[in-house]
Amino acid sequence: MATQTQIPAPDRRVPVIAPGHTFSTITDKISNIVLKRPISLGWIFGFLIVFSMMNVLMMCLGYLFVKGTGIWGINIPIGWGFAIVNFVWWIGIGHAGTLISAILALLRQTWRNSINRFAEAMTLFAVACAGIFPLVHTGRPWLAYWLFPYPNTMNYWPNFRSPLVWDVFAVSTYLTISLVFWFIGLIPDLATLRDRAENPLLQKIYGLFAMGWRGSARHWHRYESAYLLLAGLATPLVLSVHTVVSFDFAVGIVPGWHTTIFPPYFVAGAIYSGFAMVLCLAIPIRSIYGLKDFITERHLETSAKVMLATGLIVAYGYFMEGFMGWYSGSQFDSFLLWNRFHGPYKWCYLGLLASNILIPQVLWLKKFRVSTGWLWLISFVVLVGMWLERFIIVIVSLSRDFVNSSFGMYYPTKWDWMTFAGTIGMFLTFMWLFVRVLPMISVFELRMLLPEAHVHENAAEEVKP
Amino acid sequence: MSMTTSRDVTVYESPIEGSPSYGMMAEFDSAEELMAAAHKTHDAGYQKLDAYSPFPIEGLAEAIGFHKNRVSLVVLIGGMIGGISALALQYWVAVITYPTNVGGRPYFSWPSFIIITFELTILFGGLSAVIGMLGLNGLPMPYHPVFNVPAFAKATENKFFLVVFSSDPNYDAARTKAFLASLSPRMVAEVPS
Amino acid sequence: MSIDENKTKAASAKGPDVCPTKRNQLDLATVKEQIADTTGPEYWRSLEELAGTEEFQEMMHREFPKGASEWLDDFSRRGFLKTMGASLALAGLTGCTRMPDTEIVPYVKQPENVIPGRPKFYATAFTLGGYASPILVESHMFRPTKVEGNPEHPASLGGTDIYAQASILDLYDPDRAKDITYLGDVRSWPAFMEAVKGPMSVETRMAGSGVRILTQGVTSPTLASQIKSYLDANPQAKWHVWEPVNRDNVYEGAKLAFGEAVETRYDFSKADVIVSLDADFLYAGFPGSTRYTRDFAARRNPDGNMNRLYVIESTPSSTGMKADHRWPMRAGEIEGYARTLAAGIGTGFAAGTAGFNNPAGGATKFDKTVATDLSGHRGSSIVIAGDHQPPSVHAIAHAMNQALGNVGQTVFYSEPVDANPVKRGESLNALVDDMRSGKVDLLLILGGNPAYDAPAELDFASALKSNAVETKVYLGTHRNETAELCQWHVPEAHYLESWSDARAYDGTATIIQPLIEPLYGGKTAHEIVTILAGQPGLTGHDLVQQYWQKQHTGADFDAFWRKSLHDGWIEGTQHAPKTVALKSASFSATQSMPASGFELNFRRDPSIYDGRFANNGWLQELPKPLTKLTWDNPIMIGPAMAERLKLNFKDVAELEFNGKKVKGAIWIQAGHPDNSITVFLGYGRTRAGRIGTDTGFDVYPLRTSQAPWFGDGAKLTAVGGIYQLASTQGYQTMETPVGERPLVMERSLEEYKKEPNFAKEEEPAKDLTLYKPQEFPYEKEAYSWGMAIDLNSCVGCNNCIVACQSENNIAVVGKEQTLKGRHMHWLRVDAYYNGPRDNPKGFFQPVPCMQCENAPCELVCPVQATIHSSEGLNDMVYNRCVGTRYCSNNCPYKVRRFNFLLFQDWETPQFKLMRNPDVTIRSRGVMEKCTYCVQRISEHRIDTETASVREGKEIRIGEELQTACQQSCPANAIVFGNLNDPNSQVNKWKALPRNYSMLAELNTRPRTTYLAEIRNPNPELQSGLQSKTEALVPEAELQAERT
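Source: prediction; values computed, not measured. (Residues numbered from 1 in each chain as written. Chains lettered and ligands numbered in written order. Predicted model: local features only at pLDDT ≥ 70, side-chain atom pairs only at ≥ 80, totals over all residues. Heavy atoms only, no water.)

**Student:** Break down the environment of Trp415(A) for me, citing the residues and quoting the values.
**Tutor:** Residue and element names in this part refer to chain A. Tracing the sequence through the fold places Trp415 in helix α16 (residues 414-437). Among the residues examined, Trp415 registers a relative accessible area of 14% and is labelled buried. With residues near it in sequence (within four places) discarded, Trp415 still touches Met59, Cys60, Tyr63, Ile71 and Trp72. (Helix = DSSP H or I, 4+ residues; strand = E, 2+ residues; numbered from the N terminus. Buried < 20%, exposed > 50% of the residue type's maximum accessible area, 1.4 Å probe, protein only. Contact = heavy atoms within 4.5 Å.)

Structure follows, in structure tokens:
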């Protein structure tokens, strides 16, 4: 980054951090959002809305436990409905955070420093939402713990051949790793808050979580190698999670599930929707909390490019599905293809093609990449499209499988919709709280973006943009 | 500046008057100054010293003579334990303790066991990275003598500190103070223990 | 609890009392006695008082040990009272029955020859329209739980029909009438007898001129003789008979042909060529269908001497779907066709006029070919006419059979099985006239439901309502439409509760013996008639025994009686064939149909018959063989007609006939004759019970004596709106836009002869796997179970479904859930159509669990709730299931069923009695599926193992082990057995060339395989039927458009 100040000429791009900032201005600006900024009416109003949405979720779950999964639209043949669709969707969204923090960290993409923090938070909340569904979609949720291997008097164990058990391990591992990853990223900033907080109680609380961090060179040394190793571990993990999720389908024999393209195409889709969600959140937040200096157009544009790229991979996935439908010569696969275009759910499929492939192509134009309004809209469309994709994969495939007599239809009930809306409420509720209690941008990593942060004699080892 | 005044109070009121000092602290304005100072101090033969900065500075640790840490080793061991135990569990369950015919697959259907083995490797590796790092850093440690220096509050914002510990054989309150002062710091203060 | 115990006496079906009362012992019943007339707080006090007594505590130990132990320590008295309250609530069932003390005997002493947990089987008979279906009833600790066919009875040979199978549910129907009532107030049996005594004595003085008895079809010799003897004593009294689904035409046709009413029965085992003139003789409700199906199916073996079936029908039926050549034709034109045919085989008939549906060319060619085929098989062919065809058609059929020399070979005439073969319509008509003209003082309606199902123009209901009739007594199981209009309602005993007798289609008599004491103190027709005859107090048992004592000529009546009871039929009661001479060859033609306008057909409902089974959940939810509809009756029309009228599935339409109108939902049925409408009787009940009330729409208002089965000039107009019809099958063709799916394999006989292995799909080689193949126990075990289903024999009669439901305690979910696609049948029968939609080929395919070797369901279950057993079964462990439904998603055959909600009824005490104790009751959130009746397998394994120990040598389970579906199949289409036994029947079948496994390419390696369907079309007619499939509007997609 330092290159910017030394030889600004070659790099015409918008800097990742607006000029004129010093260590203390950065620190002030970000930590004050948490420590000094008064709670606005808008915040409270919004919180009430999202919190009541979250309570709708609680109500739905309560009713679900009382009545059973029959309150949803699921049936035979369509044994999985919204629950699994939402699960896959949320997990997908939950990929951006760790991806940004881990993979971009490995690639030394320092521009990530200004967005990784809340991207990671978003990941955690998304995974939390996702985690609800596999649990409650079971017929007897109170026995869901049977999916974990634990010694029991029956001497009976889970079936390690089942993708659902893989899911349990993958998702819980992902949640844990993302959590610790996020937490150790927070430690130095918590120390900052500890030292800046005036309210003794806050001092205590932040101090408790800061664990006595004092920025010793030795600590930083270990800290950095630990962080790097975590990034190294999280990178294959983040790729594996959606791969495993895709196995839920790819391991099955249902036409439309049983394809080898799924893992890469699911991962791409996950990153796709993940970045869409990051943008959907970042764009409003940066303007509300005046963080345009730290989350600059550069970030938005780069994210838009990532979306474009992953979007194209997803498009390739769709194309391969179609191609195999024709090439495999399996009449079940070719019927699948026919059914997507002509079947009862054709509108979902066409909508999917439009929102996931067609519309995002405008991102080739810089105009759309830099205009926040457009970008937000496109990201939103992509989120919808990715939800539709999961709907197609889960429900439409099941509605027409092998035996004609057992073709069926799926009609979501109001409980399906309310549960979905409820998880969105829960997600936003967590976001709402997060922006108020924790630094939503990694302060110490921002400091590193300043030229002063770099010692000349080490210029050789310096980060190239 | 109410903050600092309040800190001053704490200094003077602290009951550690006359007690053996923990070390000598010098405050610097920039990373470069700190780096230079660290080098000089180390070259001057001080072993037991530490530097504090609001963000990681490359080479600083080396400058104070701290070259390699064992975090990666911990992670390696953790990861291996995770992977092996995962595979062992699955093998034991599927082949030894309760073999069942599931979908006509052999008892030891290894391809199915790869995923969980992988996931647990990551999980154990990741956790041991965090725990190892904190453990080796001796964290959590809510109290530490350096916090007694009021100015040190800035160590997490924009100031840089160098401390020579009194446990250093060459440490002598007066001489060390003079030496540090010679590095043109912003200030030099004794760290009470 | 107490119920079964209270019922032990009669249920043991052997005269003497099995366990005499002990003085000093109480039982729940006595407790209830003592607290009978106390209520409210007092009630509890009396309980408390009781609780003090020693007997009470002792009784507690016997009745509920748990409650008792609680009882002994003072702390949980409250808890005990709860238990007590609950159990009394349960006992409340018996609370409704008034039973003399002497009979309420708790089951305190183990009667000999009863081993707890070992069911016993009793032979008895179920009757429909009087005709007996001989059955064996499984009794668990004196609770009848399952109906099975009687293998020794000529009319069953082990098979049953759906109505017999489902009748067990009627016994435990919680809606059954529980008390004798007078104008709705509860009365006692003596009170009732008092009440009728008065009028009776008056009547006897007037030779019973005011007495009318209205029964359903009666074949019971005992009842008939009872009534007859009464009528002899009171010549003025009259006996009327009414059955909405009757055989008037059959007897009238016989009269027309031979001058006397004779019963016609057929021997399909000897028939090479069969021509059905609108006769659905392969479906329950057609007398003898069970036996006919057995014989017919036996002749479908393509490797043997395969028969050929031509069906000319006015409404697509399962018989039509099995036909080698099917010709849809409006009912009114069938006579014309029959005449043409008859002319063709030289009976001296004038050929009938060509009708609307048989345009010149094809028809005549068809006629000629059929005629030549028939003439080519003199003495080995059958022409059979349907019950709803006019007498003349029957007469023509008789004439043809005579001309073909089939009489005495394949066709036999005998005495009418019906004890009083009067023409139903006229008989009821006469009764109504008498009622209106005040001639009737005492009307006894013994069963049936005339107020609901009488011909519209008679308006029986109003006649019954009017005060013209002084005393109206109704004997019936339910407080139904008729009961509401009679002052007296006597609850009728279910046939499993009563002594009686009945004749099967061939006259063979069966003694109906009870398996359980009447749950609600119901009475039988016999007992009512005894009152008339002034001989009250005689029990059904006495009456039946007396009657047969009279008939029995040989010595040792006791032995004869026991044998008859045991075998379930009485030797030498089969009606001897009787020779009758054809009167004339020309029968007055019933006026022929105009060639235009809509014809309206009335048909018995395939599931609930004439409405009498409307409150039977199993039958209501039983998918009808062709439409797979449940819970409703549609207005059925053909595709072409639907197109012309712009009607679609589920459109609400108004049907007008004889000036009366009803509204119903449209169903477009492939193969339905054009310009013709079919509606089904039995729905739209207003007082059927919690299940049957207000399902479907009532078409009886359209049905008159003039046109009981079909009539012309119906109007059909769409009135807009949609009425949801719950069909369990989404898509009724194997065709998809990308080709036909290999589900049901079918070829013609010639093609089969040329290429016997046509059905085999190449299965992926065993070693094409990522793993090195593993040896599993079932390859070495003594047993490895498998099943084969012969699609050629299967006639889609639905028996297996009901049998499975009964055997495995399968829940009924109701219309709403069925609409959502959540029906629970473990075994379904898929119906597919193929070919031109106006006259497609039909296929039936029973689909149980395939018990795959490489089961996709097992692989994906996260908790190993479904895994392979050591004998190769695909086990489902309910207790372990957490309900992810992944297994069902991954099951290519979609045979798994899930308890999305709490579908099982855990409250109703009656159902607790009904259920098969050997099968778990599944609760909410659990997956379930066919288990090959694993409970039966275990039972036999235990038997053989104990036997082995006893005999000291190894004894293996043999062919006597049958699954419920296999056992009840009248067509012998299902074979189940041990694959590790080279001689087992199932192995023999699987060795046949036409054996194939469904979707073999998926490498699931099913243990349930199919024998491909082979048709035997007439080579000369081949061309006409081979044409491309036009798929009907797929049901599911339709729904999509509509919602």
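**Student:** Mind laying out the sheet that holds strand β2 (residues 49-52) of chain B, listing which residues take part and the relevant values?
**Tutor:** Residues and elements named next belong to chain B. In space, the four strands of this open sheet follow the order β2-β3-β1-β4, with antiparallel pairing throughout. Two strands lie at the open edges of the sheet, namely β2 and β4 (187-192), each paired on one side alone. Taking the axes of each pair of neighbouring strands and ignoring which way they run, one obtains an average angle of 20° across the sheet. Alignment of β2 against strand β3 (residues 160-165), held across four bridges, turns out to be antiparallel. Of the residues in β3, the one forming a bridge with Ala51 is Leu162. Relative to the sheet, helix α2 (residues 31-43) contacts β1 (21-28), β2 and β3, its axis offset from that of β3 by approximately 15°. (Pairing = 2+ DSSP bridges. Axes fitted to C-alpha atoms, helices over the stretch in contact; angles between N-to-C directions.)

**Student:** Quick one: what's the story with the interface of chain A and chain C, residue by residue and with numbers?
**Tutor:** Facing the 60 residues of chain A at the interface are 63 residues of chain C. Of all residues in chain A, Ile76(A), Tyr156(A) and Asn404(A) bury the most surface against chain C, accounting for 15% of the area lost on that side. Applying the counting criterion to the chain A and chain C interface returns one salt bridge. For Lys894(C), the salt bridge identified is with Asp401(A), shortest N-O distance 2.7 Å. Run the count over chain A and chain C and you get 41 residue pairs in polar contact (both at pLDDT 80 or more). Among the elements of the structure, α3 (41-67), α7 (163-196), α9 (217-250) and α12 (331-342) of chain A are those that each provide at least two residues to the side of chain A that touches chain C. Among the elements that take part in the side of chain A that touches chain C, α12(A) stands out by supplying five residues, more than any other. (Buried area = accessible area lost by both parts, 1.4 Å probe. Salt bridge = Lys/Arg side-chain N within 4 Å of Asp/Glu carboxyl O. Polar contact = N/O pair within 3.5 Å; in protein donor to acceptor, adjacent residues only side chain to side chain.)

**Student:** Requested: an account of the confidence of the model for chain A, with residues and values cited.
**Tutor:** Residues and elements named next belong to chain A. On average, chain A scores 85 in pLDDT, and the residues at 70 or more come to 95%. In this model residues 1-11 is a low-confidence stretch, pLDDT under 50, and it forms 15 contacts with partners more than four residues away in sequence or in other chains. Across residues 458-465, where pLDDT falls below 50, the model places 13 contacts with residues more than four positions away in sequence or in other chains. (pLDDT = per-residue confidence, 0-100.)

**Student:** With reference to specific residues and values, describe the interface of chain B and chain A.
**Tutor:** Counting residues at the interface gives 72 residues for chain B and 62 residues for chain A. When chain B packs against chain A, the two sides together hide about 5,900 Å² of surface, and 68% of this comes from carbon and sulfur. Across the chain B-chain A interface, the total number found is one salt bridge. A salt bridge links Asp50(B) to Arg218(A); the nearest nitrogen and oxygen atoms lie 3.7 Å apart. Applying the counting criterion to the chain B and chain A interface returns 21 residue pairs in polar contact (both at pLDDT 80 or more). Those elements giving two or more residues to the side of chain B that touches chain A turn out to be α1 (2-13), α2, β2, α3 (60-63), α4 (71-97) and α5 (110-136) of chain B. Broken down by element, the residue count for the side of chain B that touches chain A peaks at 17 residues, all from α5(B).

**Student:** Pulling in residues and values, what's your account of the pairing of strand β1 (residues 120-128) of chain C?
**Tutor:** All names here are of chain C. Where β1 and strand β2 (residues 131-140) come together, nine bridges link them in antiparallel fashion. Its bridge partner lying in β2, Phe126 is registered against Ser133. Here β1 folds back onto β2, and the loop between the two strands holds two residues, one of which, Gly129, carries a positive phi near 60°.

**Student:** Outline empty space enclosed by the protein, listing residues and values.
**Tutor:** Over the atoms a probe the size of a water molecule is rolled, and this reveals where empty space is left. Residue and element names in this part refer to chain C. The full count for this structure, using the stated rule, is 18 cavities of 30 Å³ or more. By volume, the largest cavity is sized at about 1,000 Å³. Taken together, 49 residues form the lining of the largest cavity, with Thr127, Gln216, Gly447, Glu492 and Arg612 sitting closest to its centre. Looking at the lining of the largest cavity, the elements that each hand over two or more residues are β1, α18 (450-453), β15 (471-476), β17 (500-503) and α21 (525-532). For the lining of the largest cavity, the per-class residue count stands at 18 nonpolar, 23 polar and eight charged. The volume enclosed by the second largest cavity comes to roughly 700 Å³. What lines the second largest cavity is a set of 48 residues, among which Tyr283, Gly285, Phe286, Arg604 and Tyr609 lie closest to the centre. Among the secondary structure elements, those contributing two or more residues to the lining of the second largest cavity are β2, α11 (248-258) and α12 (289-298). The element best represented in the lining of the second largest cavity is β2, accounting for four residues. When grouped by side-chain class, the residues that make up the lining of the second largest cavity number 21 nonpolar, 13 polar and 14 charged. (1 Å grid on protein atoms, 1.4 Å probe; cavity = no way out; pocket = protein on both sides within 12 Å on 5 of 7 lines; lining within 4 Å. Points joined across faces, edges and corners; volume = space filled by probe spheres on them. Nonpolar A, V, L, I, M, F, W, Y, C, P; charged D, E, K, R; others polar.)

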